[in-house]
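# Report on the structure
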Amino acid sequence: MASVSMNRIHKTYGSGAQSHHALKGVSLELADGEFIALLGPSGSGKTTLLRTIAGLEDIDDGEIRIGADTVSRATGSSRQHVPPEGRQVSVVFQSHALWPHMTVHDNIAFPLRQGSTPAADVGRRVQAALASVELDDLAQRFPSQLSGGQRQRVALARAMVGAPRVLLFDEPLASLDTELRRDMMRQITKARRSDMPMVYVTHNQEEALALADRIAVLAQGEIAQLATPSKLCREPANAMIAAFVGGGNVVDATVVQAVDAHNVRVTVRGHSFVARCDRPPTAAQVQVCIAPGAVSLSTQDDALELRVAFVFFQGGSHLVETDLPRHGRSFFSCVLPLDAQPVKHELLRLQVHDAWIIPTP
Amino acid sequence: MPDLFLLNMLARARFWNRSEQAATVVCLLFLLLFALLPVARLAMELVLGLLGSQRGAMIAALRSSSTLTATWHSIEVGLVGALIASVYGLIVASLVTLTNVRFRNWIVYAFVVQAMLPPQVVALAWLQIWTPLRDVLQALGWENASSFGNPFQGRGGIMALLGVHYAPLVFLTVRAGLLNLPAEVIEAARVSGAKPLVVLTRVIWPLVTPALAAGTALAFVSSIGNFGIPAFLGIPANYLVLPTLIYRELSGFGSSAIPNATMLSLVVSVLAGLGILLQHRFASKGHFKVTPSRLSGPPFLLHRARPWVEGVLLGLILLLLLMPMLALMAKSLRPAPGVPLTWATVTLEHYIYVLKDNDATVRAFVNSIGMSVGAALVLSVVALLMAYLMEYRRSPWLNRLNYLIEVPYVLPGVVLSIAMILLYLKPIMGISIYNTVAIIFLAYLARFLAIQLRPIISGFQQLPVEMLEAAEVFGAPFLRRLRTIVIPLLLPSVTAGAMLVVLLALNELTISALLWSSGSETIGVAVFSLEQGGESAAAAAIGIVSVVVANLVMLMASILGRRLPSGVLPWRA
């Protein structure tokens with residue numbers, strides 16, 4: 001029994017020529033305690049999907065269930081919509097959304113005071129929630145007296161204190177710097193509970209890969225791929241995902257021959273290598289995804305010869321952009337070790353170690 | 001069943017909550033009752049009159065020489081008043097905003113106080129200046145001075161006073177425009193080698209021209225609709241503008257009074273409407289969507305000229321604001337005309353008379369205070385709900401009827417009054433509110449909704465929407481959400497709006513002049529009646545009291561204003 005279930009959700013803003021089809025039949029199931037990240041560029045529909053779960057947006061078609069309860073349903077002209085206050089869900093907002101006129105204690109106590117929690121329990125549970133985010137002694141402060149990181153921790157405590165059925169995150173780390181981002185990622189991981197699924201909206205793949213059990217990549221109102229982080233990186237379903245997650249190079253290749261059911265030998269500019277695949281391709285021309293780190297310098301005769309166009313020094317390595325066009329806007333790039341010392345216009349000889357044939361739809 | 005129809009529309013508007021639906025119905029009914037109904041009633045009177053038996057009388061009223069004269073007078077005082085306001089407002093706004101003059105906050109406050117004072121009291125005050133001024137002129141050797149009538153009475157005085165009174169409107173729009181200028185625009189001109197005066201006239205002023213034009217159009221509309229100044233300065237000199245002509249028609253109350261007044265209200269509405277169209281056209285221009293960096297400080301530093309500029313600004317305040325008020329105060333403290341005012345002769349008898357002994361003026365204070373506070377309370381609730389539904393819920397019906405909110409406020413006051421008279425002249429369901437305070441109170445609710453709503457709307461716009469969404473998500477239903485989150489967060493904006501409503505309702509004369517009767521006097525009516533009855537000293541005493549009250553309310557709002565988002569209080573940019 002999935003604890004959140006979304007079935008063919010449609011959502012359109014506006015009407016007529018101005019309308020925008022934000023969600024086009026999205027279906028998604030979350031198991032109890034599962035952490036799913038919704039990853040996608042802005043305008044992909046990920047925030048809209050989160051808001052439909054919270055009840056902050058209604059839906060035009062489809063059904064959303066939390067546990068055994070149907071919270072949103074729209075078919076034809078019939079509409080059913082449980083308002084947000086009736087859903088027992090929590091949200092951690094991007095801008096923390098702490099109420100400036102209440103103390104930290106009152107902010108966190110707010111969800112409890114809406115229910116039937118006895119007054120004595122409220123204090124105890126607020127203290128426990130504050131302790132869990134390691135802010136025990138700030139209960140009487142006002143939000144304006146906290147740092148950005150502390151505010152976001154209080155927002156997390158407020159979201160957890162009422163034992164919600166689902167915990168939703170709307171880009172909670174977007175306004176924090178790198179150090180605080182790591183810290184909040186630890187806090188969020190600590191907050192996971194086996195009976196509470198979490199949905200996490202982000203456009204930052206690092207957060208999604210680090211936190212989530214599964215990642216749903218959204219593009220133009222549809223789920224383009226739903227997979228575990230490692231599968232998403234190693235086996236992207238299309239060129240957009242390959243480029244968006246992990247910055248993989250998608251280039252054209254020619255099939256030479258199948259090695260077995262899941263490995264095919266291909267060539268790019270005369271260089272031949274083995275690429276993984278779901279099922280052997282039927283066409284002679286395919287697209288392969290090569291991660292920037294999946295190549296190394298080579299002395300072989302049939303090496304992939306590429307000319308250096310730009311060198312971005314990364315501190316511990318070099319990111320090199322070459323003259324081979326790839327799908328998307330930029331050129332084939334690869335990571336080379338510190339001692340390689342690539343120079344602009346130099347001819348590189350490379351060996352591809354790992355590649356993935358992008359499945360044809 | 002209209003109610004079912006409404007609820008049906010609401011169901012399609014996707015409201016999730018029954019109490020929010022109820023709140024929407026309340027707001028819609030309020031708008032229909034107070035904004036749409038009076039205007040519709042007036043329009044109906046016009047159309048039916050022109051189609052029916054009144055046709056001849058109404059057309060005759062339109063063509064009569066008194067109408068044509070009053071229309072021309074309205075146009076000329078409106079245009080010249082707006083021109084004076086425009087020049088004066090532009091110069092003061094430029095000096096205060098673009099240079100490093102000191103006492104800036106005091107100058108801004110003093111300048112805006114002018115617009116917040118009751119116009120009829122300002123007119124009364126200016127009338128008092130002539131006697132001492134004449135004495136001074138005679139003492140200086142100008143023997144003929146006493147053969148002149150009071151020069152403030154009549155056309156020139158009305159134009160000058162309207163200009164000074166509404167200059168703050170231009171000042172505020174221009175100042176807001178100047179504060180919104182991207183700093184780069186000025187810096188680029190200076191880096192290119194332009195001298196300050198060139199930057200001012202070739203770069204800055206052209207960029208604030210839309211703001212200047214919008215402010216000038218606003219001053220024109222306000223001048224056309226003003227009743228207090230032409231009533232005090234024009235009626236004695238038999239120089240009538242449209243509002244005062246309407247007043248005289250209705251005071252006569254012959255059989256043709258209503259059709260005549262209705263026709264005149266059409267003329268004044270058309271004039272005001274033209275001004276409003278111009279204002280909207282200009283106001284929509286000249287907004288810089290992207291403001292990379294605003295002015296961090298005044299771009300022009302005055303050195304040796306600074307004391308002179310400060311002297312001129314403070315001198316203008318002294319001359320145009322303090323001097324008439326001192327003359328008014330002198331009038332109110334003098335036992336009788338002609339008695340020299342010394343410490344020995346100074347008396348409070350006029351204050352005691354108006355505040356204690358005269359039943360009508362005491363009633364006027366009770367009525368005005370009660371109605372202004374009552375209107376502010378009712379409007380606070382309605383406007384808070386309206387702003388919540390419009391800004392947060394994006395209620396399609398309220399947002400579509402948005403422009404209705406402004407109608408009773410931008411219509412000239414006399415027009416709203418005539419609409420109210422037509423609407424409530426006959427008893428409705430056996431209840432007659434005509435000739436009671438109730439009709440004035442209803443008119444106040446209609447007129448001041450826009451004033452109460454504006455600061456709350458801008459409060460909502462500056463509140464992160466997530467604060468309200470969080471309250472929903474964490475389980476608070478509508479009414480509790482209002483109580484625990486919305487009201488505490490928006491209380492400063494609501495209070496600021498309420499104080500503006502109290503201020504304007506206390507100062508108001510235009511509406512009550514046409515709607516009052518014995519028992520429903522207002523402070524404005526009391527000043528007017530006393531002056532017309534020759535009791536100038538008593539009128540001056542009420543005037544001084546209302547000026548003091550207006551300043552107290554403004555000061556309270558200013559203290560509160562420190563906690564407000566910018567732009568809520570007109571005198572705090």
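Residues numbered from 1 in each chain as written. Chains lettered and ligands numbered in written order. Predicted model: local features only at pLDDT ≥ 70, side-chain atom pairs only at ≥ 80, totals over all residues.

## Structural notes on the overall build of chain B
Helix and strand counts for chain B stand at 24 helices and zero strands. At 25 Å, chain B has a C-alpha radius of gyration in line with the 25 Å of a compact globule built from 573 residues. Considering only C-alpha atoms, chain B reaches an extent of 80 × 70 × 50 Å along its principal axes. When the 573 residues of chain B are sorted by exposure, 48% land in the buried category. (Helix = DSSP H or I, 4+ residues; strand = E, 2+ residues; numbered from the N terminus. Rg over C-alpha atoms; globule rule 2.2 N^0.38 Å. Buried ≥ 20, exposed ≤ 12 C-beta atoms within 10 Å, placed from the backbone.)

## Describing the pairing of strand β14 (residues 271-276) of chain A
Residues and elements named next belong to chain A. Of the two faces of β14, only the one carrying His-271, Phe-273 and Ala-275 is buried; Ser-272, Val-274 and Arg-276 on the other face are not. In the sheet, strand β13 (residues 263-268) pairs with β14 via six bridges, with the strands oriented antiparallel. Bridge pairing in β14 links Val-264 to Ala-275. In this structure, the hairpin formed by β13 and β14 is closed by a connection of two residues, where Arg-269 is found at a positive phi of approximately 50°. (Pairing = 2+ DSSP bridges.)

## Digging into the environment of Val-255 of chain A
All names here are of chain A. Of note, Val-255 is situated in strand β12 (residues 249-260). Owing to 20 C-beta atoms within 10 Å, Val-255 belongs among the buried residues under this scheme. Each C-alpha atom, one on Val-255 and one on Arg-265, is 6.3 Å from the other, the two residues being 10 residues apart in sequence. If sequence neighbours within four positions are ignored, Val-255 has contacts with Val-264, Val-266, Pro-281, Ala-284 and Val-286. (Contact = placed C-beta atoms within 7 Å.)

## Quick notes on the sheet that holds strand β6 (residues 78-81) of chain A
All names here are of chain A. Ordered by their spatial adjacency, five strands build an open sheet running β2-β1-β4-β5-β6, and the pairing between neighbours is antiparallel. If you trace the sheet from one side to the other, it starts and ends with β2 (20-30) and β6, each paired once. Between one strand axis and the next, the sheet turns by 15° as a mean value, whatever way the strands run. With four bridges connecting them, strand β5 (residues 69-75) and β6 associate as antiparallel partners. In the strand pairing of β6, Ser-72 is matched with His-81. With respect to the sheet, helix α1 (residues 46-54) is in contact with β1 (4-13), β2, β4 (61-66) and β5, its orientation differing from that of β1 by roughly 115°. (Axes fitted to C-alpha atoms, helices over the stretch in contact; angles between N-to-C directions.)

## Let's talk about the domain arrangement of chain A
Residues and elements named next belong to chain A. Looking at the assigned domains, one finds that chain A contains domain 1 (4-236) and domain 2 (240-357). Taken together, the contact pairs 10 residues of domain 1 with eight residues of domain 2. Among the elements of the structure, β10 (214-219), β11 (222-227) and α7 (229-234) are those that each provide at least two residues to the side of domain 1 that touches domain 2. Looking at side-chain class alone, the side of domain 1 that touches domain 2 contains six nonpolar, two polar and two charged residues. (Domains from an automatic or database assignment. Nonpolar A, V, L, I, M, F, W, Y, C, P; charged D, E, K, R; others polar.)

## Observations regarding the packing of helix α2 (residues 18-51) of chain B against helix α12 (residues 257-283) of chain B
Residue and element names in this part refer to chain B. At a minimum axis separation of 10 Å, α2 and α12 run at an interaxial angle of 110°. Judged by the angle between their axes, α2 and α12 are roughly perpendicular. Crossing of α2 against α12: the hand is left-handed. Residues Leu-42, Glu-45, Leu-46 and Gly-49 of α2 touch α12, and the partners they reach there are Pro-259, Thr-262, Ser-265 and Leu-266. Looking at the contact of α2 with α12 residue by residue, the classes come out as four nonpolar, three polar and one charged. (Parallel < 35°, antiparallel > 145°, perpendicular 65-115°, else oblique. Left-handed = near helix turned anticlockwise from the far one by under 90°.)

## What about the interface of chain B and chain A?
Taken together, the contact pairs 17 residues of chain B with 19 residues of chain A. Of all the secondary-structure elements, those providing two or more residues to the side of chain B that touches chain A are α20 (465-473) and α21 (478-507) of chain B. The residue inventory of the side of chain B that touches chain A, partitioned by class, reads 11 nonpolar, two polar and four charged.

## Comments concerning unusual backbone geometry
Both trends apply: most residues other than glycine have a negative phi, and most peptide bonds are in trans. All names here are of chain B. For Phe-103, which is not a glycine, the phi torsion comes out positive at approximately 60°. A residue is classified by how many C-beta atoms lie within 10 Å of it, and Phe-103, with 14 of them, is partly exposed. Even without being glycine, Asn-238 reaches a positive phi, approximately 55°. Residue position: Asn-238 is located in the loop between α10 (228-233) and α11 (242-252).

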